[in-house]
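Spelled out from the first residue to the last, the chains are:
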Amino acid sequence: MPANDPFARLPEAASFTVTSTTVTDGAAWPPEQHSSGLPGGKDVSPQLSWSGAPDGTKSYAVTVYDPDAPTGSGFWHWAVTDIPATVTELPEGAGDDTGSHLPEGAYQLPNDARVARYLGAAPPAGHGPHRYFAVVHALDIPSTGVPADATPAVLGFTMAGHTLARAVLVATAETPA
């Protein structure tokens, strides 16, 4: 894995499978998954489906993170927690302002722009390609107990000791100079 491995300092976890009808692992985000501040961007969260989570999974969390953002700490684009263990898919657009397409009990945390929704890719012009880690975290607890106004970093800290497995899909984006 290239520099800025977002899992390098986290406890190891098993893996399972995540797929998307929106984007293929390793491919570029379609324009709809880019920030509405860019031409064609619509801030539409990707469709995600997962399978093969380990026994003992009691809930899931989903995050989208750009470790290549020029911040020193990356950039969180989306964080959803308390997805019931019976759910194995989020539809495209589930990360809108209302969260009405999220499963009952699940909720979005404010991203690094401090809005509780999916915020599309928007790497700085000329900064080169960025990687966007769309991750489904299988957890051994039914609820993270993280407050709805917490940051995705707090969610990550809370999940660290409860992550049974991770399903990872990496998409890319680049804004020309």
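Here the structure is shown first, and the text comes after it.
Residues numbered from 1 in each chain as written. Predicted model: local features only at pLDDT ≥ 70, side-chain atom pairs only at ≥ 80, totals over all residues. Heavy atoms only, no water.

Enquirer: Break down the environment of glutamine 33 for me, citing the residues and quoting the values.
Expert: Within the secondary structure, glutamine 33 sits in the loop between strand 2 (17-19) and strand 3 (48-51). Under the relative-accessibility criterion, glutamine 33 is labelled buried at 1%. Between the C-alpha atom of glutamine 33 and that of glycine 120, which follows or precedes it by 87 residues, the distance is 5.0 Å. Excluding residues within four positions of it along the chain, glutamine 33 makes contact with Thr22, Val44, Ser45, Pro46, Glu92, Tyr118, Gly120 and Ala121. (Helix = DSSP H or I, 4+ residues; strand = E, 2+ residues; numbered from the N terminus. Buried < 20%, exposed > 50% of the residue type's maximum accessible area, 1.4 Å probe, protein only. Contact = heavy atoms within 4.5 Å.)

Enquirer: So what about the pattern of salt bridges? Which residues, and what values?
Expert: When their charged atoms lie close together, side chains carrying opposite charge are able to pair. Using the criterion set out here, one finds two salt bridges in the structure. The salt bridge partner of aspartate 68 is arginine 131, with a shortest N-O separation of 2.8 Å. Here arginine 131 lies in strand 8 (residues 130-139) and aspartate 68 lies in the loop between strand 4 (59-66) and strand 5 (75-84), a separation of 63 residues in the sequence. For arginine 117, the salt bridge identified is with aspartate 97, shortest N-O distance 2.8 Å. Taken together, the residues arginine 117 in the loop between strand 7 (107-108) and strand 8 and aspartate 97 in the loop between strand 6 (89-90) and strand 7 connect sequence positions 20 residues apart. Classification of arginine 117 by relative accessible area gives buried; the value is 14%. (Salt bridge = Lys/Arg side-chain N within 4 Å of Asp/Glu carboxyl O.)

Enquirer: Please provide a residue-by-residue account of the packing of aromatic side chains, values included.
Expert: Under the counting rule described, the total for this entry stands at six aromatic pairs. Aromatic side chains phenylalanine 16 and tyrosine 60 sit 6.3 Å apart centroid to centroid with 40 degrees between the ring planes, which places their arrangement in the tilted category. You can see phenylalanine 16 sitting in the loop between strand 1 (14-15) and strand 2 and its partner tyrosine 60 sitting in strand 4, a full 44 residues away along the chain. Exposure remark for tyrosine 60: the relative accessible area of 5% places this residue in the buried category. One aromatic cluster is present, built from ring pairs that chain together Phe16, Trp50 and Tyr60. (Phe/Tyr/Trp six-rings, centres within 6.5 Å; stacked < 30°, edge-to-face > 60°.)

Enquirer: Describe the environment of valine 135, and please don't skip the residues or the numbers.
Expert: Its location among the elements puts valine 135 in strand 8. The spatial distance from the C-alpha of valine 135 to the C-alpha of serine 100 is 21 Å, given a sequence separation of 35 residues. Leaving out residues up to four positions away in the same chain, valine 135 has contacts with Phe7, Ala61, Val62, Thr63, Arg166, Ala167 and Val168.

Enquirer: So what about the sheet that holds strand 1? Which residues, and what values?
Expert: Taken in spatial order, the six strands line up as 1-9-8-4-5-7 in an open sheet, and their pairing is mixed. Each edge of the open sheet carries a strand with a single partner, namely strand 1 and strand 7. Where strand 4 lies against strand 5, seven bridges are found, and the strand directions are antiparallel. Residue pairing in the sheet places threonine 63 in a bridge with alanine 79 of strand 5. (Pairing = 2+ DSSP bridges.)

Enquirer: I'd like to hear about helix 1 (residues 152-159), residue by residue, with values.
Expert: Those residues of helix 1 lying buried are Pro152, Leu155 and Met159. For helix 1, the angular spread of the buried residues around the axis is 55 degrees, confining them to a single face. Buried-residue contacts for helix 1 involve strand 4, strand 5, strand 8 and strand 9 (163-173). (Arc of directions from axis to C-beta.)

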